[in-house]
Amino acid sequence: MASYNPTHRDAVKLFARLGYASRGVVYLLVGGLAALAAIGQGGQAEGSRGALESVLTAPFGKIMLGIIALGLVGYAMWRTLQALQDTDHHGSGLKGIAIRGGLLVSAVTHTLLALFAANLIVHLGGSSGSSGGSQDAASWLMQQPLGRWLVAAVGAALMGAGIAHAIKGWKAKFDRHFSMPDHVQRWAYPVCRFGLAVRGFVFAIVGSLFMIAAYQYNPSQAGGTAEALSTLRHQAFGQWLLAFVAIGLFAFGVYSLLTAAYRRINPSV
């Protein structure tokens, strides 16, 4: 029987799948914490950073957080390869460049999230809340030439990404990347479509917060997922809105886990 020697491609596939799974765990936590907040059983709804902080309170929390951090690094690596090697064949047209640029941004944000998780492990906790990352980014951008316009551009890009997510969910565009049995598709595809649409909705809210920060020239108005969820909570019927979005973010977590299991991953390594 011939021996099998793992290749670089196998390593990339492993890290990519671990990355999708780690993203899934983060969004399951975000959705779960938001649901608890909606029914009055928790504090404020948390974003990705707050979700990672909550892992430390679980048994073997440091080990779990370390695995998630490693997965997030793998996800960032895979996103970088997707962008630079165009593994999904988006092309070099205007639309393709925009999508691949978004993949690079995703690589950066998940690298920062992995570093945040690593910092939590080393220091056994940190400053609570997820607003710092978004507000610090907005503050740094505003200190640059044409800073207000840069913040507005980030907001517009996030809103565009939100619309793209909603379209991807509505049209089930993820189908061309999946190799999933029919009996799984029947229940999984509605969950995936709903999760993508709700994540797109949250992205649009985050983008609008950056636009408001640019308009008011006030970086403290910017925010991430936690601030978007807080904004929803303070609207009319906010508790119901938050519960709806919490279920959607949980569904996106399920989508990410399904992606880890069933996505075709073809790196050119």
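Residues numbered from 1 in each chain as written. Predicted model: local features only at pLDDT ≥ 70, side-chain atom pairs only at ≥ 80, totals over all residues. Heavy atoms only, no water.

**Student:** Describe in detail the pattern of salt bridges, supporting the description with residues and values.
**Tutor:** Scanning all chains against the criterion turns up two salt bridges. The partner of Asp 86 in a salt bridge is Arg 100, and the shortest N-O contact between them spans 3.9 Å. Of this pair, Asp 86 sits in the loop between helix 3 (61-85) and helix 4 (94-123) while Arg 100 sits in helix 4, placing them 14 residues apart in sequence. Here Asp 86 matches Arg 100 in class, with each residue buried. Taking the shortest distance from any N to any O, the salt bridge between Arg 263 and Asp 88 comes out at 2.9 Å. One end of the pair, Arg 263, is in the segment after helix 9 (238-262); the other, Asp 88, is in the loop between helix 3 and helix 4, with 175 residues separating them in the sequence. Of the two residues, Arg 263 and Asp 88, both sit in the buried class. (Salt bridge = Lys/Arg side-chain N within 4 Å of Asp/Glu carboxyl O. Helix = DSSP H or I, 4+ residues; strand = E, 2+ residues; numbered from the N terminus. Buried < 20%, exposed > 50% of the residue type's maximum accessible area, 1.4 Å probe, protein only.)

**Student:** Would you mind going over the packing of aromatic side chains in detail, with residue names and values included?
**Tutor:** Within this structure, the stated rule accounts for nine aromatic pairs. On the numbers, 5.5 Å between centres and 50° between planes, the contact of Phe 174 with Phe 178 is tilted. Taken individually, Phe 174 and Phe 178 each receive the classification buried, so the pair is uniform in this respect. Between Phe 178 and Tyr 189, the ring centres sit 6.4 Å apart and the planes meet at 65°, which makes this aromatic pair edge-to-face. Here Phe 178, found in the loop between helix 6 (147-170) and helix 7 (182-216), pairs with Tyr 189, found in helix 7; they are eleven residues apart in sequence, far enough to count as distant. Given the relative accessible area of 4%, Phe 178 is considered buried. Grouping aromatic residues by their ring pairs yields a cluster made of Tyr 27, Phe 174, Phe 178, Tyr 189, Phe 252 and Tyr 255. (Phe/Tyr/Trp six-rings, centres within 6.5 Å; stacked < 30°, edge-to-face > 60°.)

**Student:** Which residues make up the nonpolar core, and what values go with them?
**Tutor:** One finds Leu 52, Phe 174, Leu 229 and Leu 249 to be the most contacted residues of the largest nonpolar core, which totals 52 residues. At 13 residues, the largest contribution of residues to this core is made by helix 7. Residues Tyr 20, Tyr 75, Leu 81 and Ala 260 belong to the second largest nonpolar core, which totals eight residues. (Core = buried A, V, L, I, M, F, W, Y, C linked by side-chain atoms within 4.5 Å.)

**Student:** Provide a residue-level description of a nonpolar patch on the surface, including the pertinent values.
**Tutor:** A cluster of nonpolar side chains, namely Phe 60, Ile 63, Met 64 and Ile 67, defines an oily patch on the protein surface of about 440 Å² accessible area. Mapping Met 64 onto the fold places it in helix 3. (Patch = residues over 30% accessible without salt bridge, like charges linked within 9 Å, V, L, I, M, F, W, Y side chains within 5 Å. Areas by Shrake-Rupley, 256 points an atom, 1.4 Å probe, with all protein chains shown as cover.)

**Student:** Describe the side chain of Arg 199, naming the residues involved and giving the relevant values.
**Tutor:** Looking at the secondary structure, you find Arg 199 in helix 7. Residues within four places of Arg 199 in sequence aside, it is in contact with Arg 23, Tyr 27, His 165, Leu 249 and Phe 252. (Contact = heavy atoms within 4.5 Å.)

**Student:** Hey, could you go over the environment of Trp 170 for me, with residue numbers and the actual values?
**Tutor:** In this structure, Trp 170 sits in helix 6. Accessibility expressed as a relative area gives 67% for Trp 170, which makes it exposed. Distance from Trp 170 to Leu 94, taken between C-alpha atoms, is 22 Å for residues 76 residues apart in sequence.

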